[in-house]
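Here is how the chains run, residue by residue.
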Amino acid sequence: MIRSYSKIGGALAFSLVIFTACQEDVDVRDKNGSGLITVMNSMESEGKFSRFYDAIGANGLRISDEFNGSGDSYEYTIFAPTDTAFGDFLARYDTYDGLDNIPDDLLRSLVEYHVVAGSLSAADLNGTTQTTVQEGEISVNGTTVIGANNTANVAVADRAARNGFLHELDAVLIPPTFPTQTILDIAGGSDFTSLAAAVTSFSDLVDAIDGGNGAFTVMAPTNAAFSAFLASQGFASLDAVPAPLLRTILEYHVIPGVVGSADIVGSQNTLSGEVLDLPDDTEIVATADVAATNGLVHVISEVLVPPSLSSVAGVILANPNFSTLAAALVDKDLITPLSTGARTVFAPNNAAFTAANITDPTSVSANILTYHVLGDSVPSTAIMSGFAPTLNDASVILNTGMGVTVDGVAVVTADISASNGYIHEIGAILTPPQSNIVTLASNTSELSILSAAIQRGELDGALSEGGPYTVFAPSDAAFTAVGLTADSVARMAPDQIQRLLTFHVVPGRFTTSNLPNGEIETLAGEGEENKININNRVFTITTPEEQVVDLTVNSTLDVQATDGVVHIMDAVLLP
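Calculation rules
- Residues numbered from 1 in each chain as written.
- Predicted model: local features only at pLDDT ≥ 70, side-chain atom pairs only at ≥ 80, totals over all residues.
- Heavy atoms only, no water.
- pLDDT = per-residue confidence, 0-100.
- Contact = heavy atoms within 4.5 Å.
- Pairing = 2+ DSSP bridges.
- Helix = DSSP H or I, 4+ residues; strand = E, 2+ residues; numbered from the N terminus.
- Axes fitted to C-alpha atoms, helices over the stretch in contact; angles between N-to-C directions.
- Buried < 20%, exposed > 50% of the residue type's maximum accessible area, 1.4 Å probe, protein only.
- 1 Å grid on protein atoms, 1.4 Å probe; cavity = no way out; pocket = protein on both sides within 12 Å on 5 of 7 lines; lining within 4 Å.
- Points joined across faces, edges and corners; volume = space filled by probe spheres on them.
- Core = buried A, V, L, I, M, F, W, Y, C linked by side-chain atoms within 4.5 Å.
- Nonpolar A, V, L, I, M, F, W, Y, C, P; charged D, E, K, R; others polar.
- Salt bridge = Lys/Arg side-chain N within 4 Å of Asp/Glu carboxyl O.
- Phe/Tyr/Trp six-rings, centres within 6.5 Å; stacked < 30°, edge-to-face > 60°.

Trainee: How would you summarise the confidence of the model for the chain if you had to cite specific residues and measurements?
Mentor: The share of residues in the chain with pLDDT of 70 or more is 90%, and the mean pLDDT across the chain is 88. Low pLDDT (under 50) marks residues 1-31, which in the prediction has 70 contacts with non-local residues, meaning those over four places away or in another chain.

Put into structure tokens, the structure is as follows:
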């Protein structure tokens, strides 16, 4: 069961420098006039103490009247941090976005740690140790105030009020009730040396957690938990765990935001992108709610295993032969997409990356990586020759004539199974389409008239931004056969060109392996006059005017673009 954690404390040692309190230019007020809190409020316009003033009256603490009263029992000395000091304090404590995020009991202790009973001037305080209203101790040496966990300097002393003195501080004193260690400081303890070694092997992960980028909740496995995990997975030591696998496991233990023990059960999004789901009756939390300056730590007795480790992504992460691919997948946050739904990965081995002179896995784009992934679970025995759609919305060409190949690259090892699909090892990196339809047309010599027509018809924007599209693209010879040249196209009205070209474009990405059968609308518009009829058995297109085009004659089919497919044909479809 979850157990509560008693606060980690510890005084910090400081070198003491003796100062002489400056008494010049002090705003000395009539002690028969305003009370301390009223004095502080009156100086809010100076931009000095608005945050401290708000803290005193915040969250129902109801202590402002107490510090503003009359009589001996209401005499106080307040060490008031400036607004700038509170800004520095909140920058250190990423756990809190503002003072209103600090729990009432902690905020009260913070306020009361800056208040001493009695009306004490700088001269009265010098060289003394005082017990605060919070019951912690502070010492004053000249203009230096030494607290349990830090020091502050008195910038202006002896702001006098009816019931005491206010001394301006340049820093917030950290009471014993507040944490002073970061998450990774805590993880550096003697019972967490394995966790510390694992995390510090990834400098960017250290920066993410302790770099002032927000608050986190860390599920911290003990050394015993890591030992049990390594033994169960067959790793001789932490160093034997492939780095991408180790990183994924570590990120699965980090939850963005502060989630206390009362809320930790149930579904929590983790830094790895996977969801951590702890049951109500979990007993792995040995010590809960260890507070840090940037979040919380829950000590756990087991290493949490991400669901992805049984998937194709997990198998890749755990296989040293795919370590470069694994690092690239982790860097591009593709572990979760490869763990969700049925997947087949044509996985380049380490030798493939070496052959391509890729030494930095982070340089590989997500577009390239997802081009190696099919959105289905396909063993080698079920692979059929033809086009297969990939996760980057392109298609690879599969062939089973002489063993299985993908885009002409042979499968080295087939059917590495996982919980959600298969991995087929390949020895080269596949190259996805690099150009969109408009760029492809402009770079293809036999489509120069089509390219000119796209520009004249002002369709370059529409074809570049939309999609995916399938374009039945007339070759230059096809345009010439109907009397159209680049010069004549340049003289045509744009709307005429638009009508002609959009009749050649249909929405969707259709290779010859998945061409639709029957009538299909073109981008020319609605209505029967704007439909073409495709026969995917004999590869013909028939227009409403009974024009029949045979795609198997003088054609180059299945030319892939980033935003669609182009079929170069020897005819112009006439609407």
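Trainee: I'd love a proper account of the sheet that holds strand β23 (residues 518-521), names of residues and values included.
Mentor: Hydrogen bonds along the backbone pair up the strands of a sheet, which may run parallel or antiparallel. Pairing in this open sheet of four strands is antiparallel, and the strands run β23-β24-β25-β26 from one edge to the other. Every interior strand has two partners, whereas the edge strands, β23 and β26 (548-550), have only one. On average, adjacent strands in this sheet sit at an angle of 30° to one another, irrespective of strand direction. For β23 and strand β24 (residues 531-535), the ladder comprises four bridges, and the chain directions are antiparallel. Directly across from E521, in β24, lies its bridge partner K531.

Trainee: Explain the pairing of strand β7 (residues 164-169) to me, using residue names and the numbers behind them.
Mentor: Taking burial as the measure, the six residues of β7 include six buried ones, the bulk of the element. Burial along β7 is two-sided: G164, L166 and E168 facing one way and F165, H167 and L169 facing the other are all buried. Pairing of strand β1 (residues 76-81) with β7 involves six bridges; the strand directions are parallel. Residue pairing for β7: F79 is matched across the bridge by H167.

Trainee: A description of the environment of D460 should follow, citing residues and the corresponding values.
Mentor: Along the chain, D460 turns up in helix α19 (residues 460-465). For the pair D460 and D88, spaced 372 residues apart in sequence, the C-alpha separation works out to 53 Å. Residues in contact with D460, not counting those within four places in the same chain, are V438, I454 and Q455.

Trainee: Before we move on, can you summarise helix α18 (residues 448-456) with the specific residues and values?
Mentor: All buried positions along α18 are accounted for by I449, L450, S451, A453 and I454. Structurally, α18 contributes buried residues whose contacts are with α17 (437-443), α19, β21 (469-474), α20 (476-481), α21 (486-491) and α22 (494-502). Following α18 by one or two positions, E458 has its phi on the positive side, about 55°.

Trainee: Describe in detail empty space enclosed by the protein, supporting the description with residues and values.
Mentor: Empty space among the atoms can be located by rolling a probe the size of a water molecule over them. One pass over the structure, following the stated rule, counts three cavities of 30 Å³ or more. As a volume, the largest cavity reaches approximately 80 Å³. I183, L184, A187, L195, V199, L205, I209, V218, M219, L250, H253 and V254 together form the lining of the largest cavity. Of all elements in the fold, only α7 (183-187), α8 (193-200), α9 (203-210) and β8 (216-221) reach the threshold of two or more residues within the lining of the largest cavity. Looking at which element gives the most residues to the lining of the largest cavity, the answer is α7, with three residues.

Trainee: Explain the sheet that holds strand β9 (residues 254-256) to me, and be specific about the residues and the numbers.
Mentor: Strand order across the open sheet formed by four strands is β9-β8-β13-β12, with mixed pairing between neighbours. Edge positions in the sheet fall to β9 and β12 (285-292), since each of these pairs with one other strand and no more. Going across the sheet, the axis of each strand differs from the next one's by a mean of 15°, ignoring polarity. Relative to strand β13 (residues 295-300), β8 runs parallel, the two sharing six bridges. Looking at β13, one finds that P221 is bridged to I300.

Trainee: Would you mind going over the nonpolar core in detail, with residue names and values included?
Mentor: Within the largest apolar cluster, 54 residues are counted, with the highest numbers of intra-cluster contacts made by L195, L250, I316, L329 and L338. In terms of residue count, helix α13 (residues 323-331) provides more of this core than any other element does, five residues in total. If sequence neighbours within four positions are ignored, L338 has contacts with S311, V312, A313, L329, R343, V345, V373 and N420.

Trainee: With reference to specific residues and values, describe the layout of surface pockets.
Mentor: By volume, the largest pocket is sized at about 240 Å³. Mapped by element, the contributors of at least two residues to the lining of the largest pocket are α5 (104-112), β12 and β13. A class-by-class count of the residues in the lining of the largest pocket yields eight nonpolar, four polar and two charged. Here the second largest pocket is characterised by a volume of approximately 160 Å³. What lines the second largest pocket is a set of 19 residues, among which I454, L463, V471, L501 and V505 lie closest to the centre. Looking at the lining of the second largest pocket, the elements with two or more residues in it are α17, α18, α19, β21 and α22. Top element by residues in the lining of the second largest pocket is β21. It accounts for four residues. Split into classes, the residues belonging to the lining of the second largest pocket amount to 17 nonpolar, two polar and no charged.

Trainee: Can you lay out the pattern of salt bridges for me, pointing to particular residues and giving the numbers?
Mentor: Inspection of the entire model under this criterion finds seven salt bridges. Across the pair R108 and E112 runs a salt bridge, and its minimum N-O distance is 2.9 Å. Placement of the pair is R108 and E112 together in helix α5, with a separation of four residues, close to one helical turn. A residue is classified by how much of its surface remains accessible, and R108, at 29% relative accessible area, is partly exposed. On the basis of relative accessibility, which here comes to 11%, the residue E112 falls in the buried class.

Trainee: Explain unusual backbone geometry residue by residue, including any values.
Mentor: Although it is not a glycine, D158 sits at a positive phi angle of roughly 60°. Position of D158 among the secondary structure elements: in strand β6 (residues 151-161). Under the relative-accessibility criterion, D158 is labelled buried at 9%.

Trainee: Kindly report on the packing of aromatic side chains, identifying the contributing residues and their values.
Mentor: One pass over the full model with this rule turns up seven aromatic pairs. With 5.9 Å between their ring centres and 65° between their planes, F89 and F178 make a pair best called edge-to-face. One end of the pair, F89, is in helix α4 (residues 83-92); the other, F178, is in the loop between β7 and α7, and 89 residues separate them in sequence. Taking the relative accessible area as the measure of exposure, F178 reaches 1% and is therefore buried. Ring plane angle 90° and centroid distance 5.7 Å describe the contact between Y93 and F178, whose orientation is recorded as edge-to-face. One end of the pair, Y93, is in the loop between α4 and α5; the other, F178, is in the loop between β7 and α7, and 85 residues separate them in sequence. Feature note: the residues F52, F86, F89, Y93, Y96 and F178 constitute an aromatic cluster, connected by ring pairs.

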